[in-house]
Amino acid sequence: QVQLVESGGGLVQPGGSLRLSCAASGSIFSIYVMGWYRQAPGKQRELVASISTSGEPRYADSVKGRFSISRDNAKNTMYLQMNSLKTEDTAIYYCNAGPGFRAYYTPTYWGQGTQVTVSS
């Protein structure tokens, strides 16, 4: 079973930056597509970004040019660098993993989530 643990959330002012990390257990990390979803209060959970096993990224239109996803298979860790944060980026961010093709996948394993709050 894959276990995922997020870290790096917090409170940041608009225009600021945060980097989220997701540590995965087991060697299975390298064969799964990884991704980040987020859920804001009163809204549905939505895809933020995903990354294939070879590092090909995919982004939601709302974060293109501001967020960058990466993974280090040797460290079983995935990252989400978030720049130029906006108040509408406020949400709980979830790390996940699952089988897929390139950066398209079925999220199967989920972390517990980390809160990101963008506010002045």
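Residue positions are given per chain, counting from 1 as you read along its sequence in written order. Confidence filtering applies because this is a predicted model: local features only for residues at pLDDT of at least 70, side-chain atom pairs given and counted only at 80 or more, and all residues used for totals across whole chains, interfaces and linings. Computation of side-chain values: all heavy atoms of the structure, hydrogens and water removed.

### Details of the environment of Gln3
Part 1 of the reasoning: Numbering goes from the N terminus for both helices and strands, where a helix is a DSSP run of H or I of at least four residues and a strand is a run of E of at least two. Secondary-structure assignment places Gln3 in the segment before β1 (4–7).
Part 2 of the reasoning: A simple rule labels every residue: compare its accessible area, found with a 1.4 Å probe on the protein chains alone, to the largest value its type can have, and call it buried under 20%, exposed over 50%, or partly exposed in between. We classify Gln3 as exposed; its relative accessible area is 55%.
Part 3 of the reasoning: A sequence separation of 94 residues divides Gln3 from Ala97, and the C-alpha atoms of the two residues are 9.5 Å apart.
Part 4 of the reasoning: In what follows, a contact means two residues having at least one pair of non-hydrogen atoms within 4.5 Å. Apart from the residues lying within four places of it in its own chain, the contact partners of Gln3 are Ala23, Ala24 and Ser25.

### Focus on the layout of surface pockets
Part 1 of the reasoning: Grid spacing is 1 Å over the protein atoms alone, the probe is 1.4 Å, and a cavity is where that probe fits but cannot get out, while a pocket is an open set with protein on both sides within 12 Å along at least five of seven lines and lining residues have an atom within 4 Å of a point. Grid points are joined across faces, edges and corners, and a volume is the space filled by probe spheres set on the points. Size it by volume and the largest pocket reaches roughly 180 Å³.
Part 2 of the reasoning: Every residue lining the largest pocket is counted, 13 residues in all, and those nearest its centre are Arg38, Lys43, Glu46, Glu88 and Asp89.
Part 3 of the reasoning: Polarity classes work like this: nonpolar for Ala, Val, Leu, Ile, Met, Phe, Trp, Tyr, Cys and Pro, charged for Asp, Glu, Lys and Arg, and polar for all others, with Gly in that last group. When grouped by side-chain class, the residues that make up the lining of the largest pocket number two nonpolar, four polar and seven charged.

### Some words on the pattern of salt bridges
Pairing of side chains with opposite charge becomes possible as their charged atoms draw close.
Part 1 of the reasoning: The working definition used for a salt bridge is a side-chain nitrogen of Lys or Arg within 4 Å of a carboxyl oxygen of Asp or Glu. In total, this model carries five salt bridges according to the counting rule given.
Part 2 of the reasoning: Note that Glu46 and Arg38 form a salt bridge whose closest N and O atoms lie 2.8 Å from each other.
Part 3 of the reasoning: Judged by its relative accessible area of 36%, Glu46 is partly exposed.
Part 4 of the reasoning: Residue classification places Arg38 among the buried residues on the basis of a relative accessible area of 6%.
Part 5 of the reasoning: For the salt bridge of Asp89 with Arg38, the shortest nitrogen-to-oxygen distance reads 2.9 Å. Residue Asp89 is found in the loop between β8 (77–82) and β9 (91–98), and its partner Arg38 is found in strand β4 (residues 33–39); the two are separated by 51 residues along the sequence. Pair check on accessibility: Asp89 and Arg38 agree, each one buried.
Part 6 of the reasoning: Overlapping salt bridges, with partners in common, bring together Arg38, Glu46, Arg66 and Asp89 in one network.

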